[in-house]
Amino acid sequence: MRNIDYSIYLVTGRDLLPPGKGFLTSLEESIQGGVTVVQLREKQLDTQEFIDLAIRSKAICDKYNVPFLINDRVDVALIAKADGVHIGQTDMSVEQARSLLPPGSIIGLSCTTVDHIREAVRLQVDYVGIGPVWGTQTKKLTNPIIGVRGVGALLAELDGTDIKAVAISGIKSTNLLRTLHGSMSPTHHALDGIAVVSEIVASTDPRSAAQRLKSIFSEFRRTYIPHPLGYPQSLTLSGSNGPENANASANSILDGVVRLMDEIRKTGPLVHQITNTVVATQSANVTLAIGASPIMATEPREMEDLARICGALLVNIGTMRAENLDGMLLAGTFANSFRKPVIFDPVGVGASAFRKASVRSLLDTFQASVIKGNAGELAALAGTTEVESKGVDSVGSGFKDPVNFVRNLAKRERCVVVLTGPTDYISDGVSVVALSNGHEHLGRITGSGCILGSCIASYCATASQVAQADPNIESGGIFRGDMFTAAIAGVLVLTVAAELAVKSGDVKGPGTFLPGLIDTLWRLTPEHVRELARITVK
């Protein structure tokens, strides 16, 4: 197979050209900006017009040594001396195209299912186009959108092969990082490129549009690390053997938690919270008590402005309404574009079809940095019936193997996962930490899980600010900062404070517990957490 750079794969569409912009001028400028492969896709042209355009386009691509492909039409590819063809599932077969094309021609195949990928592997195509990943206005979709989260399973089928993979449909600079990060397979198989149409073709400055895409893609790949969150190594030294190393790992985590507790009091990060209206006031008060500053806003028209100034976003669907969905989608999208942490709390996701559909839409649109939920909620999210839920609560004893469950879900969702319960389990997809702090009163007040989300979001905002201020930390990924330690900090701070609040003697029951908890959070010191934390590295 030829060594082709598929990173910025341009698919043409003359009907998208802006007024006054010629096709060939736009094509050449896009190549100058960083396009690495060109596919001529012109379904509406007569055959002779298609041939003429293909010959002229091929001349421009040859000038810059960029591979030139034809969509579907092998006859046009032969006459224009194209470098190959791209074939859809309902077009001419790969075997037929290969028998007609010169030896060494590039053949790509559109794939939407695992079976399609397996057939592509059998046929030994050069690359596959996986999608549709996003909705698009440039082509009538004949297959359901598989979404960013559906790409990884297809990429995993390419493990051990030389076949390259390009994501197709609806990809723009605004969702590119989300696409690159969220599409990674659990085996760390990454996309080799992205197919782009309107972002470049419809631009009055296709050179700059291509440069922008190329910059994002190249920076992501340059700093990419084969870890679910792109971390250089597991922060808890996962894989260490023996209790001595485990203790060292726990101590290193506590060191990170203490640093974040100190930092949050100094910086007071602003945390945007779209949360359960039942507990909005106590969530805001808890945020203030630990040193951050809350803003509780739901208006879609201000989401971009808030994403610019806030340190993190919390999305909690506890009192979800259809009219709130647009605001949540926009908030998450803008937070991703500004590389701000997004903490997602799928409250009661298994309770109704509406909640399930809403969560699917939200997670297919934005990349969460942390997902937090109880056993019933995370089971529903993972699609398992091992643990059931009753409204917003879990039913039963929980998972038989919570360690592997939380690790595998973190790998799948490409983020930190927090599984709450009598013991809290937190994973970055490699390491798992078990925290055994807390008090039963947390389960006897409304919204204890929601205020935990506020705590986690506040420390994620702090971790992100620390990373932005450190010139030695570089990342082209969607995350800035140590989300794993931040999630651990959020859980430890709340659960240790719960223990201390009850021990203070001022708490007589659930009614006096909440104000006592807020007061204790205000007074809580790093020394308290270091002394009382019960942490185990799995």
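What counts, and at which threshold
Residues numbered from 1 in each chain as written. Predicted model: local features only at pLDDT ≥ 70, side-chain atom pairs only at ≥ 80, totals over all residues. Heavy atoms only, no water. UniProt positions renumbered as here; feature names shortened; annotations may be inferred. Pairing = 2+ DSSP bridges. Helix = DSSP H or I, 4+ residues; strand = E, 2+ residues; numbered from the N terminus. Axes fitted to C-alpha atoms, helices over the stretch in contact; angles between N-to-C directions. Contact = heavy atoms within 4.5 Å. Patch = residues over 30% accessible without salt bridge, like charges linked within 9 Å, V, L, I, M, F, W, Y side chains within 5 Å. Areas by Shrake-Rupley, 256 points an atom, 1.4 Å probe, with all protein chains shown as cover. Salt bridge = Lys/Arg side-chain N within 4 Å of Asp/Glu carboxyl O. Buried < 20%, exposed > 50% of the residue type's maximum accessible area, 1.4 Å probe, protein only.

The name that an unreviewed UniProt entry assigns to the protein chain is Thiamine phosphate synthase/TenI domain-containing protein, with the source organism given as Gymnopilus dilepis. Here the protein chain is described in UniProt, under the heading Function (unreviewed entry), as follows: "Condenses 4-methyl-5-(beta-hydroxyethyl)thiazole monophosphate (THZ-P) and 2-methyl-4-amino-5-hydroxymethyl pyrimidine pyrophosphate (HMP-PP) to form thiamine monophosphate (TMP)." Turning to the protein chain, the UniProt record has this under Cofactor (unreviewed entry): "Mg(2+)".

1. Details of the sheet that holds strand 7 (residues 164–167)
Taken together, the eight strands give a closed barrel; going around it, the order is 1-2-3-4-5-6-7-8, and neighbouring strands pair in parallel fashion. For this sheet, the mean angle separating the axes of adjacent strands, direction not counted, is 25°. In this structure, strand 5 (residues 106–111) lies alongside strand 6 (residues 127–130), joined through four bridges in parallel fashion. Residue Cys111 lies in a different strand from strand 6, and its bridge partner there is Ile130.

2. Notes on the sheet that holds strand 16 (residues 416–420)
Across the sheet, nine strands lie side by side as 10-9-11-12-13-16-17-18-19; this open sheet has mixed pairing. What marks the edges here is a single partner per strand, and that holds for strand 10 (293–295) and strand 19 (535–537). Sheet twist, expressed as the average angle between the axes of neighbouring strands with direction ignored, equals 20°. Docked against the sheet, helix 11 (residues 280–289) engages strand 9 (270–274) and strand 10, running at close to 150° with respect to strand 10. Across the sheet, helix 15 (residues 375–382) is in contact with strand 12 (342–345), strand 13 (370–374) and strand 16; its angle to strand 13 comes to roughly 120°.

3. Details of a nonpolar patch on the surface
The grouping of Ile55, Leu78, Ile79 and Leu100 at the surface amounts to a nonpolar patch, some 340 Å² of accessible area in total. Relative to the helices and strands, Ile79 resides in helix 3 (residues 74–80). What makes Ile79 partly exposed here is its relative accessible area of 47%.

4. A closer look at unusual backbone geometry
Following Gly131, the chain continues into Pro132 via a peptide bond in cis, with omega recorded as 5°. By the element assignment, Pro132 lies in the loop between strand 6 and helix 6 (151–156). Positive phi outside glycine occurs at Asn65, with the angle close to 55°. Secondary-structure assignment places Asn65 in the loop between helix 2 (47–63) and strand 3 (68–71). In this model, Ser169 sits at a positive phi of 90°, which is unusual for a non-glycine residue. Within the fold, Ser169 resides in the loop between strand 7 and helix 7 (176–182). Note on Ser169: relative accessible area 13%, which makes it buried.

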